[in-house]
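# Fold and geometry: a report
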Amino acid sequence: LLQMTLQSWMISRLERWGAASWMAVMQRKVQDILVEDDDKEQRSSLWKEAYSTFRFYENVEATSILEMALWKGKIEYESSNNGGQPP
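Attention here is on the structure that accompanies the text.

All right, on to the packing of helix α2 (residues 20–35) against helix α3 (residues 40–81) then. Running from N to C, α2 and α3 cross one another at 160 degrees; their axes reach a closest spacing of 9 Å. If you check the angle between α2 and α3, you find them roughly antiparallel. Crossing geometry of α2 relative to α3 is assigned as left-handed. Contacts between α2 and α3 involve Trp22, Val25, Met26, Lys29, Asp32, Ile33 and Leu34 on the former and, on the latter, Arg43, Leu46, Trp47, Glu49, Ala50, Thr53, Phe54, Tyr57, Val60 and Glu61.

Here the focus is the packing of aromatic side chains. Following the criterion strictly, the structure yields four aromatic pairs and no others. On the basis of an interplanar angle of 55 degrees and a centroid distance of 6.0 Å, the ring pair of Phe56 and Tyr57 is categorised as tilted. Put simply, the rings of Trp22, Phe56 and Tyr57 pair up and form one aromatic cluster.

With that settled, the discussion passes to the nonpolar core. In this structure, Met10, Ile11, Leu14 and Met26 are the most contacted members of the largest nonpolar core, which totals 14 residues. Ranked by the residues each element gives to this core, the list is headed by α2, at five residues. With residues up to four places along the chain from it excluded, the contact list for Leu14 reads Ala19, Trp22, Met23, Met26, Phe54 and Tyr57.

Within the element layout of this structure, Ala50 appears in helix α3. Here the alpha-carbon distance between Ala50 and Val30, two residues 20 residues apart in the chain, equals 7.2 Å. Non-local contacts of Ala50, meaning those with residues more than four positions away in its chain, are made with Met10, Met26, Lys29 and Ile33.

Right, let's get into the pattern of salt bridges. Where charged atoms of side chains with opposite charge meet at close range, the side chains can pair. With the rule as written, the count across this model stands at four salt bridges. A salt bridge links Arg55 to Glu58, with the nearest nitrogen and oxygen atoms 2.7 Å apart. Here Arg55 pairs with Glu58, and both are found in helix α3, just three residues apart, close to one helical turn. Given the relative accessible area of 37%, Arg55 is considered partly exposed. Look at Glu58 and you get buried, because its relative accessible area is 17%. Two residues, Lys72 and Glu76, come together in a salt bridge whose shortest N-O distance is 3.9 Å. Within this pair, Lys72 and its partner Glu76 are both found in helix α3, separated by four residues, close to a single helical turn. Residue Glu76 is classed as partly exposed on the basis of its relative accessible area of 47%. Because the salt bridges share partners, they merge into one network encompassing Arg13, Arg55 and Glu58.

Cut-offs applied
Residues numbered from 1 in each chain as written. Predicted model: local features only at pLDDT ≥ 70, side-chain atom pairs only at ≥ 80, totals over all residues. Heavy atoms only, no water. Axes fitted to C-alpha atoms, helices over the stretch in contact; angles between N-to-C directions. Helix = DSSP H or I, 4+ residues; strand = E, 2+ residues; numbered from the N terminus. Parallel < 35°, antiparallel > 145°, perpendicular 65-115°, else oblique. Left-handed = near helix turned anticlockwise from the far one by under 90°. Contact = heavy atoms within 4.5 Å. Phe/Tyr/Trp six-rings, centres within 6.5 Å; stacked < 30°, edge-to-face > 60°. Core = buried A, V, L, I, M, F, W, Y, C linked by side-chain atoms within 4.5 Å. Buried < 20%, exposed > 50% of the residue type's maximum accessible area, 1.4 Å probe, protein only. Salt bridge = Lys/Arg side-chain N within 4 Å of Asp/Glu carboxyl O.

Written out as structure tokens, the structure reads:
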């Protein structure tokens, strides 16, 4: 159950973004969490590290999307102010 949840929540999302290198990193982190059965403290530490890494990737992706939206808006604005002519 844990493996399916982490797969769909973390890894599948990175796959949809096309972030292959990030996906590989998260797959290793998820495997580390799943392998660690005995030491709850170690498993908790691995979970926090994976979550922190995933949040970082989310922030980078959100920033990229915002940057693209602003860039597109600027192009559309400049295009409409130039009578449809490229700048």
